[in-house]
Each structure stands twice: as structure tokens, then as C-alpha cells.
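In case you want the letters, here they are:
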Amino acid sequence: MFPEYDVIVVGAGHAGCEAAVAAANLGSKVMLATMNMQTIAQMSCNPAMGGVAKGQIVREIDALGGYSGIVTDHTMVQFRMLNRSKGPAMWSPRAQSDRMLFAAKWRQMLEAHPNIDFWQEMVTGIIVKDGRVRGVYTGLGLEIPGKAVILTNGTFLNGIIHIGEKQFGGGRAGERAAKGITEQLRSLGFESGRMKTGTPPRLDGRTLDYDKMEIQEGDDPPGKFSFTDTPRLEKQLPCHITYTSPEVHEILKSGFDQSPMFNGRIQGQGPRYCPSIEDKIDRFADRDRHQLFVEPEGWNTCEVYVNGFSSSLPEDVQYNALRKVPGFENAKMFRPGYAIEYDYFPPMQLSLTLETQLVKNLFFAGQINGTTGYEEAGCQGLIAGINAHLALHEEEPFILKRSEAYMGVLVDDLVNKGTEEPYRMFTSRAEYRILLRQDNADSRLTPRIYELARKFGTWGGKPLDESDLVERMRIVEEKESAASEIERFFRETSVTPDQLNAFLETKGSSPLRQQVKLHGVLLRPQVSLAELRTVLPELDEFLSKFKESHLNEAEIRMKYEGYIQKEQELVEKMNRLEEVRIHDGFDFHQLKAISKEAREKLSRIRPRTIGQASRISGVTPADVSVLLVHMGR
């Protein structure tokens, strides 16, 4: 009934969709298996993409040919660039999406891919022979043969939904849990654990009084995520902000004795950085109020998402508390919030390719690895999809360093340190975040995927020369060339005190005493490139031929050149350790000069390089020195 697929992807959430696209783009024949074709790329929680560090990840996914950024640009209802008051390393794009359009656009793009097939049914196990995955079993007793399998099961593995004292099996509201896979993986020697996440109630926007809330408009003009020619948002929907109060907190506390989080029914660890409202009240007892973001679900629905009010309290407690929030006095609830508890597999059982160490050509991506968030899931799916394809062709793996991408930071953290709570990406996790800006994701990563595509001569089901990847590379090269030309102009062009001192006085900047290069003026913190254009006609004429993205790139490079150079020097120093490979099959237990903890961690994680070994918790600088000696350094 089925041909042998190159890659079978189990689960069609954000990780599964990106995994399918990544493998299919490079030429693999892919089967995407899902329990419900109607919920492909469903936004299970908030109707938004991006945010702090997450926005950088979406742009990185886009730079590597993934679809998340393109789908978001086509379906968003509002766009904001967060952290504009800080330096460009912190700027993070975020978009509110139309929930229904988002899923529909994803499915449309997946179905348009010639290398992707679909099957709607529960996958109950994997076929393993001689330590290698050979396909999957389904609930109907079918066998789908495949050379590689990527598990992206989200919150569905033995999922249990909690609302107050009620609990029932499910992977998402109205959808059944997935059974069988956890038990089989444990029998193969995998270690599993339990985690929890939650979602807030959805309200009827027609019953809310927005005049009592703070309005939050989108950027004018709005930006976008994809580096390709996606449409610009012409109109936007506003979000709103309101707050809880001591009265709200007291009502919520009245249900704590029925809360599965406090009475011990939930065993899994919840997300530290996105806690439930009851968790916030308990942990931050000194706070009189907590911020709530009132987010529209789309253009043509009155459904509203109450960001910041995740809860597993009884539905009547949730409802009574919400009615005391300013603007919610007459609110009607569409559905209550709930918590969901599910199985995950500690990611220290993976390699940096996201392939499992126990079974060849079996990959894990998304919440099965202990992460939380659409963006974190999507980037893992993309990395797993690329590496599944490469493994089948016995090519070198695709591994991004911490200095190359937030995606590299995420995978490195998971594999080397593991996680005991749902992992969320932050800019603070990246030590080279000045290099990993959202504006330069295409320059960093598109050449990497282009080189891979050249090896196989294909992209997206077409010969490489006829694909959109060629145009992507042209855009990157054009931006790089333009930024260099602009920088050269600033370094070679001089300005006099007469031309600029009046302007500098208005900016509170010291006057020029002699002719200086334009580059030196731009380095002043009070001065921007856009402002210089308004007072220097010659500069404005020169810059008018460039795109906004070219100007932004050039300005950031010039203003932050010293910081960028310092980080690059640190990267080069660290890369010396990354280049020292550890022999396959190396016996770490023979190293009696290092600690027992280090021997155990190294034997379990099996790092590929000295650099990776140095980042494993429990491995000291002294241990690294011993390793270097044994590697002949």
C-alpha cells in the first residue's frame, strides 16, 4: 500500500511541518502522518509568532528555507518590533496571527510541495530492526516503511488535560492523546519524564469593554518576518492590556484546594517563564496585580485570547475571577483554560543532529525534547529534517554553532545540559547575541542551506537553478554588497563644521572643530543615519538608491563595529576547541585523571568536539585540558 519513504514525520504541529519541509526541500520523499488533517499547524496556545529571541528564531527558520516566516507574513493581523529602545541585538519581531488563516496557509503550502504525502491516523510505534528505524506502525495495524523517522508528538504522548478536579486524556482540547510510542521507546532503553503546560480561557470579544483597557497598536509602518517578497500588512488589529487586582486574586485563591497544581495531581514540571495565573499569585504574593494581554484571534472572529491568564482552576472560579478584571465585567467565556500533562524524553539522549543515540535514523523534535513554544519547536523540526536527509545520503551532519544561530544555542543547550522544565529561548542564553541579530539571519544562514542544496542539485522539488533559493541567495548577496558600498561611502566622505554643527547642537552632541569623515559622526550615540539624510542632501541622494534593509544593515555594522569585532574574536578563540574532534567510540572511562561525574556525563552525551565537551555541566576546565592531551593537543 505504501512505498518506502525516505523520511516519515510523525505529528503535524510546528516541528512536524518544518521537519517535513526541510527534508522535502533537499529531495527526500516525505510522509507526514497526523491524527487529524484538520489541525495541521494548529496554534494550540496564543495566536502569535515571534517575540523576544523567538522572533530571531523565526527569521533563522526563514533564512534556511522554512515556511514559518512566510506563513506568518501572509496571515498576521498585527506586527511589532519589540525592544526598540535597546540595542539591535535585542530587537525582536512579533506578530499576532489569524489563527484559522495561519493553519490554512500552512496546509496549502505543504500540499503544494511535490515531495510531501499525508496520512491521517495515529502512529502507535516505530519499526526497529538491527538498531535502525525502518518505519512506523499505525493504529489500524498498517506498516509504513521509511528509512528515517522524526517524532514530533507535541503534548500528545499520554496527554492528560486538567480542569479543576476533572481530568481526562487528550493531547489538546477536543483531541485524543497518543498511546503506545512512549511505552515502546522505554522498552528500547529510552528515559522519559513528564512535563506540563497550560492555556488560558477564550472570551467573546463582543462582551468586553475595551474603553477600560490600554490599547496596544502595531508598528507604523509594520515590518515582516520573511526575507522573501511576502506581502506587507496594510491594516492592523489592535491588542489591549488590562490587569488583575487583589479582588481577582482572592477569588482565584478560593479554588486553590481544587487546583491540580497544588493538590498533587499534576506531577510534571511547568514552564518557569510562562506560569499559570495561580502559580503567579502563589509565587509573587507581594504583587497586587498582573498584566493581561487581550489578543484578537483573527480578522473574522470575535474570539479573544487572554494572554497571562493560563489556568487549570475549576471553570467557575476562572469565570468569576475574570468578571472582576477591568473591561471583563460582562465577559462571556467560550472555553475555560486548562493544563495538560504529557511525556517527554530528556534531550541528553540525542546528538547535536537531534538523532537519538540508541536508534539509528530516529530523530526527536519539539516538545518531545522538553521545549515550549511554536518557534522552538519549528527550528528543531527544521534541523531534524535536514539531518535526516543528510544521514540517508551519508553526508556530514548539519550542525549550527552557538555563534551561528539561536537555533544552535537551543540545540546545544538541550543536548549538553538537558532540561528539567519546559525550555524557552531568551536573548540572555546567547553569549554572541550581537552577532545573532534578527536583521542578519539571512546573511548568516542562507549561504549554508544554499551550499547543501548545491550538493543535491535540487530544492523544493525543482532543479536548484529553477528554484526560489537562487533568488534568496541573490537577495543576500545584494544586501551584502550594498551594505559594503554604504560603509565605504561613510568612510571616504568628509563633512565640515558648517554642514553639521547646527544639527549636532539640536541633538545635544558636541560641535565639530574640523573636517571629519561621515563615519565618525554616525558613531555618535545621538545621531542616526535617517537624521543625517535630512541635513545632508548629497548623502540623501546617494542613499536613495538603496533598500531600507540595506540601510539598516550598514548602520548597525558601522555603529556596533567594535562590539561585533570583539565578539568575533571570542568566537575564533572558541572555534579552536570546536575544531578538535573526539574520536568516534572514544572510551571516556579510561580517563582516570578527570572526575567521575565528567566521565559519566561525557560517556552519556558523547560530544563530537572538545568545544562541545567543555559546555557539558560537570565538565571542568581541568577536565578539558586532560581531554586535549589525549586528543594529541
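Caption draft 1: Molecular detail of the overall build of the protein. From N to C terminus, the protein includes 21 helices and 24 strands. Over its C-alpha trace the protein gives a radius of gyration of 26 Å, about what one expects of a compact globule, namely 26 Å for 633 residues. Taking the principal axes of the C-alpha coordinates as reference, the protein spans close to 80 × 70 × 55 Å. Across the 633 residues of the protein, 59% fall into the buried class. Nonlocal contacts in the protein, meaning residues at least 24 apart in sequence, comprise 72% of its contacts between residues at least 6 apart. Of the accessible surface of the protein, which amounts to about 26200 Å², a share of 48% is contributed by carbon and sulfur atoms.

Caption draft 2: Structural detail: a positive patch on the surface. On the surface, Lys 129, Arg 132, Arg 134 and Lys 360 cluster together into a positively charged patch. What makes Arg 132 partly exposed here is its relative accessible area of 31%.

Caption draft 3: Representation of the packing of aromatic side chains in the model. Considering all chains together, one arrives at 11 aromatic pairs under this definition. Measuring from ring centre to ring centre gives 5.9 Å for Phe 79 and Phe 225, while their planes differ by 75 degrees; the resulting arrangement is edge-to-face. Taken as a pair, Phe 79 in strand S4 (residues 76-82) and Phe 225 in the loop between strand S14 (214-216) and strand S15 (239-243) lie far apart in primary sequence, 146 residues in all. Plain terms: the ring middles of Tyr 560 and Tyr 563 are 6.3 Å apart, the flat faces sit at 45 degrees to each other, and that makes the pair tilted. Residue Tyr 560 is classed as partly exposed on the basis of its relative accessible area, which comes to 27%. Residue classification places Tyr 563 among the exposed residues on the basis of a relative accessible area of 52%. Ring-pair connections join several aromatic residues into one group, and the members of that group are Phe 489, Phe 490, Phe 542 and Phe 546. One residue, Arg 84, lies across the ring of Trp 91, its end atom 4.4 Å from the ring centre.

Caption draft 4: Up close: the sheet that holds strand S12 (residues 193-199). Strand order across the open sheet formed by 4 strands is S11-S10-S19-S12, with antiparallel pairing between neighbours. The strands lining the two open edges of the sheet, one partner per strand, are strand S11 (166-169) and S12. With strand direction ignored, the average angle separating the axes of adjacent strands in the sheet is 25 degrees. Sheet topology places S12 next to strand S19 (residues 338-344); 7 bridges connect them, and they run antiparallel. Opposite Gly 198, over in S19, you have Ala 339 as the bridge partner.

Caption draft 5: Spotlight on the environment of Ala 339. Inspection of the secondary structure assignment puts Ala 339 in strand S19. Residue classification places Ala 339 among the buried positions, given a relative accessible area of 2%. A sequence separation of 227 residues divides Ala 339 from Ala 112, and the C-alpha atoms of the two residues are 35 Å apart. Apart from residues no more than four positions distant in its own chain, Ala 339 is found in contact with Ile 160, Ile 161, His 162, Thr 197, Gly 198, Ile 266, Ser 311 and Ser 312.

Caption draft 6: Region of the structure containing the nonpolar core. If you look at the biggest cluster of nonpolar residues, it comprises 131 residues, and the most contacted ones within it are Leu 151 and Leu 362. With sequence-adjacent residues up to four places away left out, Leu 151 is seen in contact with Val 10, Ile 126, Ile 181, Leu 185, Leu 362, Phe 363, Phe 364, Ala 365 and Ile 368.

Caption draft 7: Focus on the pairing of strand S16 (residues 291-296). With 4 bridges connecting them, S15 and S16 associate as antiparallel partners. Among the inter-strand pairings, Ile 241 is bridged to a residue of S16, identified as Phe 293. Bridge analysis of S16 against strand S17 (residues 303-307) gives 4 bridges, and the strand direction is antiparallel. Paired with Pro 296 across the bridge in S17 is Val 304. Linkage of S16 to S17, two consecutive antiparallel strands, is achieved through a turn of 6 residues.

Caption draft 8: Main features of the side chain of Gln 216. Along the chain, the position of Gln 216 falls in strand S14. Residues within four places of Gln 216 in sequence aside, it is in contact with Gln 78, Arg 80, Pro 238, Cys 239, His 240, Ile 241 and Phe 293.

What counts, and at which threshold
Residues numbered from 1 in each chain as written. Predicted model: local features only at pLDDT ≥ 70, side-chain atom pairs only at ≥ 80, totals over all residues. Heavy atoms only, no water. Helix = DSSP H or I, 4+ residues; strand = E, 2+ residues; numbered from the N terminus. Rg over C-alpha atoms; globule rule 2.2 N^0.38 Å. Buried < 20%, exposed > 50% of the residue type's maximum accessible area, 1.4 Å probe, protein only. Contact = heavy atoms within 4.5 Å. Areas by Shrake-Rupley, 256 points an atom, 1.4 Å probe, with all protein chains shown as cover. Patch = residues over 30% accessible without salt bridge, like charges linked within 9 Å, V, L, I, M, F, W, Y side chains within 5 Å. Salt bridge = Lys/Arg side-chain N within 4 Å of Asp/Glu carboxyl O. Lys, Arg positive; Asp, Glu negative; His and termini not counted. Charge placed at Lys NZ, Arg CZ, Asp CG, Glu CD. Phe/Tyr/Trp six-rings, centres within 6.5 Å; stacked < 30°, edge-to-face > 60°. Lys NZ or Arg CZ within 6 Å of the ring centre and 35° of its normal. Pairing = 2+ DSSP bridges. Axes fitted to C-alpha atoms, helices over the stretch in contact; angles between N-to-C directions. Core = buried A, V, L, I, M, F, W, Y, C linked by side-chain atoms within 4.5 Å.

Keep in mind that these numbers describe shape and distance, not what the molecule does.
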